Amino acid sequence: GPGFDAYAIQEKWQSRWRDADPFRTGGDDDARPRKYVLGMFPYPSGDMHMGHAENYAYVDAVARFWRHRGYNVLNPVGWDSFGLPAENAAIQRGADPREWTYANIAQQRESLGNFGTSYDWSRVLHTSDPEYYRWNQWLFQKLYERGLAYRKESPVNWCPNDQTVLANEQVVDGHCERCGAEVVKKKLTQWYFKITDYADRLLDDLNQLEGSWPQKVIRMQRNWIGRSVGADIDFEIEGRDEKITVFSTRPDTLYGATFMVVAPDSDLAAELAEGSTPEVQARFQTYLEGVQRETDIARQATDRPKTGVFLDRFAVNPINGERLPIWAADYVLADYGHGAVMAVPAHDQRDLDFARAFDLPVRVVVDTTAPITGAIPVIELDENGDPIDPTDGDDASIDDLNPARTGIALTGEGRMINSGSLDGLSKRNAITRIIEQLQSKGAGRASKTYRLRDWLISRQRFWGTPIPMIHTEDGRIVPVPDDQLPLMLPDAQGLDLAPRGTSPLGAATEWVETVDPETGEPALRDADTMDTFVDSSWYFLRFLAPRSADQAFPPREADKWAPVDSYIGGVEHAILHLLYARFITKVLFDMGLIEFTEPFSSLINQGMVLLDGSKMSKSKGNLVEFAASMKDPGADAVRVAIAFAGPVEDDIQWEDVSTTGAQKFLARAWRVASDVTSHPDVIWAEGDAALRRVTHRLLADAPGLVEQTKFNVVLARLMELVNATRKTIDSGAGPADPAVREAAEVTAMVLDLFAPHTAEEMWEILGYKPFVGLVPWRAADPTLLVEDTVTAVVQIDGKVRATLEVSARIDAAELERLARGDARVQRSLGDREVVRAVVRPPKVVSLSTR
Ligand code: ANZ
């Protein structure tokens, strides 16, 4: 007969799917339970590459799986279509970002169709459509009403190449996440979303996600939020009316404070220097200029020599009235805590390094050699990974450990000494006690500090959502009235998009000029656009009713579908996108619009497709053409090869991906279906039991494996089934055996997860109507799952010495190996040698020593 023609099959089934639209999500009358499966939506920069293919292959496998399991599946797709790459490409080519974007979307959409993905195509959305970004503007105004959107002037991350500000999350090791240019600080007035108000909830709710999100992502989010618990302590400053507040995680060590350090680039440092001698001022200025050229990363490195200037000013320790010299030093950061620290060199390594460099006093206030009952000792490791025991040596006393001499700060647990009324207390009790004392003096309070900063959302670029605010002549800032929304982007024609640090919209005179909605006086629109991470922070809700003209999303649909059951995408979004989406979800919850607080119930991060060890992306120029691969080897072979390449979360080396192997497997599966000669009305029970067992074990195991995203294992088991079926056709009961038909049908159904075109074709060959994609999962027959075992006896010189439970299908070699390895057999053999073995599988092994 004719051979397996993968491309013809692919074309045929894609056209049938287009006509019948079988995977559209069921509506209100659909009684099936619901599943919301979502892949992180693509950015339309050029055509797709194999990294995209991997993501869509997994998303489609999960969506198809739940349909087979009887669910009404929502699996939508859309485009994250605002953003810098479109604008930069447009500038380079002198084109319109809009045209570039929508041309790419059209190309990607065709590629996705060619890949055979089972999306609900009726729900496609683009974030650059006014019907979408109108709701970004709504969201912005809602946050503004709630005090969660505000403007402030502060030093921001500035990319000198892209000429725009960046969020902290977009700065990677001091460089622009997109273009790699070194990021500098610039003082600007910008819009922020107050994500820090949600820091505790963003942190605490991660507990709900344990087990359903990758541990690594949870850990990265925890570190990013970075909650530290401690106290704020206020210090009087000589010659200054206001106190200086410092944040400390170790208020228990307050008696050990011997100096104070302020961040040189803080307003506070400048003010303290200004109030000092001209000499200090000059030295401070020189120091500051050097500091401003450093990155935060370099400043926090523990191994670099400590630098700083004495400001010739003094603080007063609120607990004992001691005078503390104030220094400015770059290891203290301006935008963490209060930009100032009380330095406790005996118990903080950075402070100790500084004290030793500038000959400042060191006072021990925790005796780390004193035993603390009930406390779990903190064991620190040295660079060899061996525990450092601060009490090393039998008669170590705290004097032997004097950090001023050893250079090692005593950071471990112990009992308070040299600390007045705190003496003898453990760390925990001392912290509680000192906070009480400070509080009663009005000089301190319990406090928390976070690494997380507010989310800077304004951008000085064109291709984004216009910020829906108006600046009035008398200096007020008011929302664009509702009836003027969407506030649409003007035509890019005639606008100079070249980055120059101010928004190109500002030059669109007609667009920018408006009136104050309250007074009718002339006013100006805000010319900045929103960070595109605003767009993606809530898009999963828009899919529920993407055409809705009067709501961002209907709460009723959200009750039905959200949160997303399975969210699938790259680990590169472990912080930014996921954190923002979690934040906005909590805001929408607080607004009473949704009834859940976490947007993605489970998260699957796929690894990357690598070429020569580096990430595959267009910018790296190492793209394996997606479009070409759809013709040869074809969509199914690409999907199978990727899913078979290894565990989902592992990176894949493209060189190791065997599309030839995948093609051969698909042809074998198809041929098995073609060889079946029995009719669909066969009686399964009459089929070959051994083959049926392989089939039913796959039916029983595959659901668990898919839920654990072990797609490669499912494929390996499918290959095993195809091989077993071939064996029965060729050397067993032949192609008419009902077990062969059963195996071929189950192969088609399970194969649909990975190779839907081949699966549909097999299903049709087997005499069924389309679509195998909608066929309910077959239940495994429990009687075929019991592993049939028998009891084998082991005789030595005619006497039974042991019995073994073995598989009924065991072969002679394996049975002999088990028998000889058995402990009882070895014991009764002692040092006698076996001279003859007679093995009759599965029941008898007879060993002779004579
Ligand atoms: C006194 C002290 C004694 C401290 C001690 C530590 C150990 P994390 O855990 O990272 O939050 N600190 C506070 N603000 C700072 C800033 N802007 N730049 C650099 N360091 C700053 O660290 C909190 C600790 O880091 C605080 O507790 C403070 O030093 C320092 F034995 O206060 B500690």
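Residues numbered from 1 in each chain as written. Predicted model: local features only at pLDDT ≥ 70, side-chain atom pairs only at ≥ 80, totals over all residues.

Looking up the protein chain in an unreviewed UniProt entry gives the name Leucine--tRNA ligase, with the organism given as Microbacterium lemovicicum. UniProt lists a comment for the protein chain under the heading Subcellular location (unreviewed entry), and it reads "Cytoplasm". Quoted verbatim from the Sequence similarities (unreviewed entry) heading of the UniProt record, the comment on the protein chain is "Belongs to the class-I aminoacyl-tRNA synthetase family." (UniProt positions renumbered as here; feature names shortened; annotations may be inferred.)

Chemist: Report on the overall build of the protein chain, specifying residues and quantitative values.
Modeler: Looking only at helices and strands, one finds 27 helices and 36 strands in the protein chain. In terms of principal-axis extent, the alpha carbons of the protein chain reach across some 100 × 85 × 45 Å. Expressed as a percentage of its 850 residues, the buried residues of the protein chain come to 43%. (Helix = DSSP H or I, 4+ residues; strand = E, 2+ residues; numbered from the N terminus. Buried ≥ 20, exposed ≤ 12 C-beta atoms within 10 Å, placed from the backbone.)

Chemist: Describe the UniProt feature "short sequence motif: 'HIGH' region" (unreviewed entry) in the protein chain, naming the residues involved and giving the relevant values.
Modeler: As recorded in UniProt, the feature "short sequence motif: 'HIGH' region" (unreviewed entry) lies at residues 42-52. The distance separating the terminal C-alpha atoms of residues 42-52 is 8 Å; by composition the span is 27% helix and 0% strand.

Chemist: I'd like a description of the sheet that holds strand β5 (residues 149-159), backed by residues and values.
Modeler: Spatially, four strands are ordered β6-β5-β9-β21 in an open sheet, and the strand pairing comes out antiparallel. Taken across any chain shown, the strands that pair with only one partner, and hence form the sheet edges, are β6 (164-166) and β21 (455-456). Note that β5 and β6 share three bridges and pair antiparallel. If you follow Trp158 over to β6, its bridge partner there is Val165. (Pairing = 2+ DSSP bridges.)

Chemist: Got a sec to walk through the site of the ligand? Specific residues and values, please.
Modeler: The local shell around the ligand holds 18 residues, among which Ser228, Ser248, Arg250, Gly337 and His347 are the closest. The set of elements that each furnish at least two residues to the shell around the ligand consists of β11 (244-248) and β15 (340-343). Classifying every residue of the shell around the ligand gives eight nonpolar, eight polar and two charged. (Near = placed C-beta within 6 Å. Nonpolar A, V, L, I, M, F, W, Y, C, P; charged D, E, K, R; others polar.)

Chemist: Hey, could you go over unusual backbone geometry for me, with residue numbers and the actual values?
Modeler: Where the residue is not glycine, phi is negative for most of them; where a peptide bond is considered, it is trans in most cases. Between Leu485 and the following residue, Pro486, the backbone shows a cis peptide bond with an omega angle of 0 degrees. With respect to the secondary-structure elements, Pro486 resides in the loop between β24 (477-479) and α15 (509-512). Note that the residue after Ala562, namely Pro563, is joined by a cis bond; omega there is 0 degrees. Residues other than glycine seldom take positive phi values, yet Thr709 does so here, at roughly 55 degrees.

Chemist: Explain the packing of helix α2 (residues 50-68) against helix α20 (residues 626-644) residue by residue, including any values.
Modeler: For the pair α2 and α20, the least separation of the axes is 10 Å and the interaxial angle reads 50 degrees. Taken together, the axis directions place α2 and α20 in an arrangement best described as oblique. Crossing angle aside, the handedness with which α2 passes α20 is right-handed. Together, Met50, His52, Ala53, Glu54, Ala57 and Ala61 of α2 and Phe626, Val638, Arg639, Ile642 and Ala643 of α20 make up the contact between the two elements. (Axes fitted to C-alpha atoms, helices over the stretch in contact; angles between N-to-C directions. Parallel < 35°, antiparallel > 145°, perpendicular 65-115°, else oblique. Left-handed = near helix turned anticlockwise from the far one by under 90°. Contact = placed C-beta atoms within 7 Å.)

Chemist: Now, about the environment of Pro251: what can you tell me, with residues and values included?
Modeler: Mapped onto the elements of the fold, Pro251 is located in the loop between β11 and β12 (259-262). Separated by 193 residues in the primary sequence, Pro251 and Gly444 have C-alpha atoms spaced 9.6 Å apart. Ignoring anything within four residues of it in the chain, the contact list for Pro251 reads Gly230, Ala231, Ile233, Ile431, Ile434 and Ile435.

Chemist: Quick one: what's the story with the sheet that holds strand β23 (residues 469-472), residue by residue and with numbers?
Modeler: Read from one edge to the other, the open sheet built from four strands follows the order β24-β23-β26-β25, with strand pairing classed as antiparallel. Among the strands making up the open sheet, the edge pair consists of β24 and β25 (513-515). The mean inter-strand angle of the sheet, taken between neighbouring strand axes irrespective of direction, is 45 degrees. As paired strands, β23 and strand β26 (residues 522-525) are joined by three bridges and run antiparallel to one another. Its bridge partner lying in β26, His471 is registered against Leu524.

Chemist: Describe the environment of Ala446, listing the residues and the values that go with them.
Modeler: Structurally, the position occupied by Ala446 is in strand β20 (residues 444-450). For the pair Ala446 and Thr249, spaced 197 residues apart in sequence, the C-alpha to C-alpha distance is 9.7 Å. Residues within four places of Ala446 in sequence aside, it is in contact with Ala231 and Ile435.

Chemist: Tell me about the confidence of the model for the protein chain, and please be specific about residues and values.
Modeler: Overall, the prediction assigns the protein chain a mean pLDDT of 92, with 96% of residues at 70 or greater. Overall fold confidence (pTM) sits at 0.87, and the ipTM for the predicted complex is 0.97. (pLDDT = per-residue confidence, 0-100.)

Chemist: For the nonpolar core, give the residues involved together with the corresponding values.
Modeler: Within the largest apolar cluster, 153 residues are counted, with the highest numbers of intra-cluster contacts made by Val640 and Ala748. When residues in this core are grouped by element, the largest group, 11 residues, is from α2. Residues contacting Ala748, with those up to four places away along its chain left out, are Ala673, Ala759, Met762, Trp763, Leu766 and Val772. Membership of the second largest hydrophobic core comes to 55 residues, among which are Phe235, Ile237, Val246 and Leu268. (Core = buried A, V, L, I, M, F, W, Y, C linked by C-beta atoms within 7 Å.)

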